[in-house]
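Structural features, examined
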Amino acid sequence: MTLHIPFDNSYATLPDSFFARVNPEPVKAPSLIAVNAPLAQELGIDGLDDPNLAALFSGNALPDGATPLAQLYAGHQFGQYNPQLGDGRAVLLGEAIGPDGQRRDIQLKGSGRTPYSRMGDGRAWLGPVLREYVVSEAMHALGVPTTRALAAVRTGERVVRERPLPGAVLTRVAHSHLRVGTFQVFAARGDIEALQTLFDYAVARHYPDAPDPASFLNAVMRRQAALVAHWLSLGFIHGVMNTDNCSISGETIDYGPCAFMDSYHPATVYSSIDRYGRYSYAAQADIIVWNMAQLATALLSLMPDPEASVEPFTAQIHAMPEMIRAEWLSRFGKKIGVAQATPEDSALITGLLSVMEEAEADFTNTFRGLVDGTARNQFTDPVAFDAWAATWQARIKTEDDPQGQMRTANPALIPRNHRIEEMITAAVAGDDSLFHRLNTAYATPYADTGADADLRQPPKPQEVVQATFCGT
Ligand code: AMP
Ligand code: MG
């Protein structure tokens, strides 16, 4: 059979100023690493037995109906506005409408240079491609809105980073690749007509119930507040929350230097380029508000009287921290077995977090340990934990099903950094078995089969990953 993707491409019908039409650049010797059959099925894709998959998922051949293009966007990178970014190493093949009626982008990442490549080579190396594949699929299994990974291919070429490394292409799926930065680029250029066109497109695609800028802003804020609280509840650190990596649909996007925390500390940073901790674990709740303020600023230009709208928009942004707090409370309440946490439960949650911080306890294993009674073992000196646990036991007595709450909020498995690094090292040496094993294990992160006990272990001191890299 030949691969069939049910394309229905809407972005390609937008004005020329929104993108550059560009084909993926062919690669030397593509070979398939993985194709995500369940996701393909969700998207209504058939013909996965096509012998040409490696060519199709590397960009050497185009699937029927593709209209390849690189999207334009801008964005604040570490607070600094960059007036032109855009897909510098990615090409949108088009959108597929699946049997569920949902429209989703299918994009090749690492597929060569585009007019937005600036100084870059348009390529990706194997490490970040496999990292994004594993971590984005794990996030999906954990229940977090995220882009997905449809396929990964080795290019048979080397890309030069600190040293020559094997090249790869990831096929990424998203509800859309619209970013805060997509709005910023037109607003900053004063191209209000394009901004209005983009806005109408985004409303139709994502928020049909929020057809005016104020309600649209609120809808995006709600999804982002929920998303960041979800990240916090799993110890996830995105690492590079620039406004170009902040999705309008509210999905986690751009897995560069992201990482899950092992031992708990709110100031944890892994990204090698985040020197001042702008995107540290705990800072994520503040930064998302800052990012939404940038979206609000761009949307102001759509208002009949922008000046007069500054105040109400500002008031909306000021309401966001409370939105995040409520989402945080709900998520962390469930993590300690409380179905509907009230503000009075906040102290109990932060009480546990401070005991954990003090003891440098493993985030994932401590919370999961509340389910199976092993949390205490995470503490070398359990005195403070015991004191906390006494209050906690008293609190959950009145709950219907604390175990059930905790079991679905506290995963046994998260993609730990040292396992990801180990997987990448093996794959660079040509062994993909750990990559496949991790994908299988992380697909059921809340089950505790015992089969993956080794994947639950925190890193030994010599295994601790100190820094992660953007991988560009
Ligand atoms: P990121 O940090 O991955 O979000 O990327 C920021 C910007 O740099 C985006 O416009 C990317 O397309 C671009 N970029 C990153 N890596 C490369 C590369 N290897 N070649 C060309 N552009 C790149
Ligand atoms: Mg990006």
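Values in this document were obtained by computation on a predicted structure and should not be read as measured data.

Considerations on the overall build of the protein
- Across its full length, the protein carries 16 helices and twelve strands.
- Based on the C-alpha atoms only, the size of the protein along its principal axes is roughly 65 × 60 × 40 Å.
- Counting every position in the protein, which comprises 472 residues, the buried fraction comes to 58%.
- Contacts in the protein between residues at least 24 apart in sequence constitute 72% of all its contacts with a sequence separation of at least 6.
- Accessible area for the protein stands at about 18,700 Å²; split by element, carbon and sulfur atoms hold 53% of it.
- Taken as two groups, the 37 positive and 53 negative side-chain charges of the protein have centres that lie 4 Å from each other.

Quick notes on the packing of aromatic side chains
- Overall, the coordinates contain 22 aromatic pairs when judged by the stated rule.
- Ring geometry for F18 against F186: centres 4.6 Å apart, planes inclined by 35 degrees, an arrangement best described as tilted. Here F186 lies in helix α4 (residues 180-189) and F18 lies in the segment before β1 (19-21), a separation of 168 residues in the sequence.
- By relative accessible area, which is 1% here, F186 ends up buried.
- Aromatic ring contacts, followed pair by pair, group Y264, Y281, W328, F332, F363 and F367 into a single cluster.
- The side chain of R179 reaches across the aromatic face of Y73, ending 4.1 Å from its centre.
- We note K335 situated over the ring of F367; from NZ or CZ to the ring centre the distance is 4.6 Å.

Things to note about the site of ligand 1
- Around ligand 1 there are 18 residues in total, and G86, G88, R89, R118 and G122 lie nearest to it.
- Contact between ligand 1 and G86: an oxygen atom at 2.6 Å from a main-chain N or O atom of the residue.
- One of the backbone nitrogen or oxygen atoms of G88 is found 2.7 Å away from an oxygen atom of ligand 1.
- Burial of ligand 1 by the protein amounts to 88% of the accessible area it has alone, namely 480 Å².
- When the residues that make up the shell around ligand 1 are grouped by side-chain class, the tally is two nonpolar, eight polar and eight charged.

Quick notes on unusual backbone geometry
- Within the chain, R118 stands out as a residue other than glycine whose phi angle is a positive 50 degrees.
- Summarising the element assignment, R118 is placed in the loop between β7 (103-109) and β8 (124-125).
- Its identity is not glycine, yet D254 carries a phi of approximately 70 degrees, on the positive side.
- The residue D254 is located in the loop between β11 (236-237) and β12 (259-260) in this model.
- Owing to a relative accessible area of 14%, D254 belongs among the buried residues under this scheme.

Section: the side chain of T114
- With respect to the secondary-structure elements, T114 resides in the loop between β7 and β8.
- Within polar-contact distance, the side chain of T114 engages the backbone oxygen of D87 at 2.6 Å.
- Non-local contacts of T114, meaning those with residues more than four positions away in its chain, are made with V22, A70, D87, G88, A90 and V91.

Concerning the coordination of the magnesium ion (ligand 2)
- Taken together, the protein ligands of the magnesium ion (ligand 2) are N245 (OD1) and D254 (OD), with distances of 1.8 to 2.2 Å. Each member of the pair, N245 as well as D254, carries the same accessibility label: buried.

Remarks on the domain arrangement of the protein
- Structurally, the protein comprises domain 1 (11-174) and domain 2 (329-409).
- Look at where the C-alpha atoms of domain 1 and domain 2 centre, and you get two points 40 Å apart.

As for the side chain of K335
- Mapped onto the secondary structure, K335 falls in helix α9 (residues 320-335).
- An unpaired buried charge is present at K335: no salt bridge exists, and D362, the closest side chain of opposite charge, is 10 Å distant.
- Among the polar contacts listed, one links the side chain of K335 to the backbone oxygen of S233, at a separation of 2.7 Å.
- A distance of 3.2 Å separates a polar side-chain atom of K335 from the backbone oxygen of A409.
- Beyond its immediate chain neighbours, meaning those up to four positions away, K335 contacts S233, F363, F367, L370, M406, A409, N410 and P411.

A word on the packing of helix α6 (residues 213-234) against α9
- It is the contact of α6 with α9, at a shortest axis distance of 8 Å, that shows an interaxial angle of 35 degrees. For the pair α6 and α9, the crossing hand works out as right-handed. Mapping the contact onto sequence places N218, M221, R222, Q224, A225, A226, A229, H230, L232 and S233 in α6 and M320, M323, I324, E327, W328, R331, F332 and K335 in α9.
- A per-class count over the contact of α6 with α9 returns ten nonpolar, four polar and four charged.

Here we look at the nonpolar core
- Ranked by internal contacts, the top residues of the largest apolar core, which has 127 residues, are Y11, F183, F216, M292, I336 and L370.
- With eleven residues, α6 is the largest single contributor of residues to this core.
- The two domains that each donate at least three residues to this core are domain 1 (11-174) and domain 2 (329-409).
- Excluding anything up to four places from it in sequence, L370 contacts K335, I336, L352, A375, F385, W388, W392, Q403 and M406.

Considering the environment of R172
- Position of R172 among the secondary structure elements: in strand β10 (residues 164-174).
- It is 9.9 Å that separates the C-alpha atoms of R172 and I253, two residues lying 81 residues apart in sequence.
- Setting aside residues no more than four positions away along its own chain, R172 makes contact with D105, I106, Q107, K109, E132, T147, R148, H177, R179, I253 and D254.
- Here E132 takes part through its side chain, which lies 3.5 Å from a polar atom of the side chain of R172.
- In terms of polar contacts, R172 uses its side chain to reach the side chain of H177, at 3.1 Å.

Analysis parameters
- Once a new chain begins, its residue numbering starts again from 1 and follows that chain's sequence as written.
- Whichever chain is written first is A, and whichever ligand is written first is 1; the rest continue in order.
- Confidence filtering applies because this is a predicted model: local features only for residues at pLDDT of at least 70, side-chain atom pairs given and counted only at 80 or more, and all residues used for totals across whole chains, interfaces and linings.
- Note: side-chain values were computed over all heavy atoms of the structure, leaving out hydrogens and water.
- Each helix corresponds to a stretch of at least 4 residues labelled H or I by DSSP, and each strand to a stretch of at least 2 residues labelled E; elements are numbered beginning at the N terminus.
- Throughout, exposure labels follow a simple rule: accessible area from a 1.4 Å probe, protein chains only, divided by the maximum for the residue type, with under 20% read as buried, over 50% as exposed, and the rest as partly exposed.
- Contacts: residue pairs with any heavy atoms within 4.5 Å of one another.
- The Shrake-Rupley method, run with a 1.4 Å probe sphere, supplies the accessible areas, and residue values consider only the shown protein chains as cover.
- For the purpose of charge, His is not counted, nor are the chain termini; Lys and Arg are scored as positive and Asp and Glu as negative.
- A charged residue contributes its charge at one atom only: NZ of Lys, CZ of Arg, CG of Asp or CD of Glu.
- Between rings of Phe, Tyr and Trp, where Trp is taken as its six-membered ring, a pair exists when centres lie within 6.5 Å; planes separated by under 30 degrees are stacked, by over 60 edge-to-face, and by other angles tilted.
- Throughout this description, the term charge over a ring refers to an Arg CZ or Lys NZ atom that lies within 6 Å of the ring centre and within 35 degrees of the ring normal.
- Distances are taken per atom, and a residue is near a molecule or strand as soon as one of its heavy atoms is within 4 Å of it.
- The term polar contact refers here to a pair of N or O atoms within 3.5 Å; inside protein, the definition further demands a hydrogen-donor-capable atom paired with an acceptor-capable atom, and it admits residues adjacent in sequence only when both atoms are side-chain atoms.
- Residue polarity is assigned by list, with Asp, Glu, Lys and Arg as charged and Ala, Val, Leu, Ile, Met, Phe, Trp, Tyr, Cys and Pro as nonpolar; anything else, Gly included, falls into the polar class.
- The rule for donors is simple: an N, O or S atom within 2.8 Å of the metal counts, and for Na, K and Ca the reach is 3.2 Å. Water is not among the atoms, so a site may look short of donors.
- For the domains described, the bounds stem from an automatic or database domain assignment.
- A side-chain nitrogen of Lys or Arg and a carboxyl oxygen of Asp or Glu constitute a salt bridge if their distance falls within 4 Å.
- For helices, the axis comes from a line fit to the C-alpha atoms of the stretch in contact; other axes are also lines fit to C-alpha atoms, and the angle between any two N-to-C directions lies between 0 and 180 degrees.
- Note: crossing handedness is left-handed where the near helix turns anticlockwise from the far helix by less than a right angle, and right-handed where it turns clockwise.
- Note on terminology: a nonpolar core comprises buried Ala, Val, Leu, Ile, Met, Phe, Trp, Tyr and Cys residues joined through side-chain atoms within 4.5 Å.

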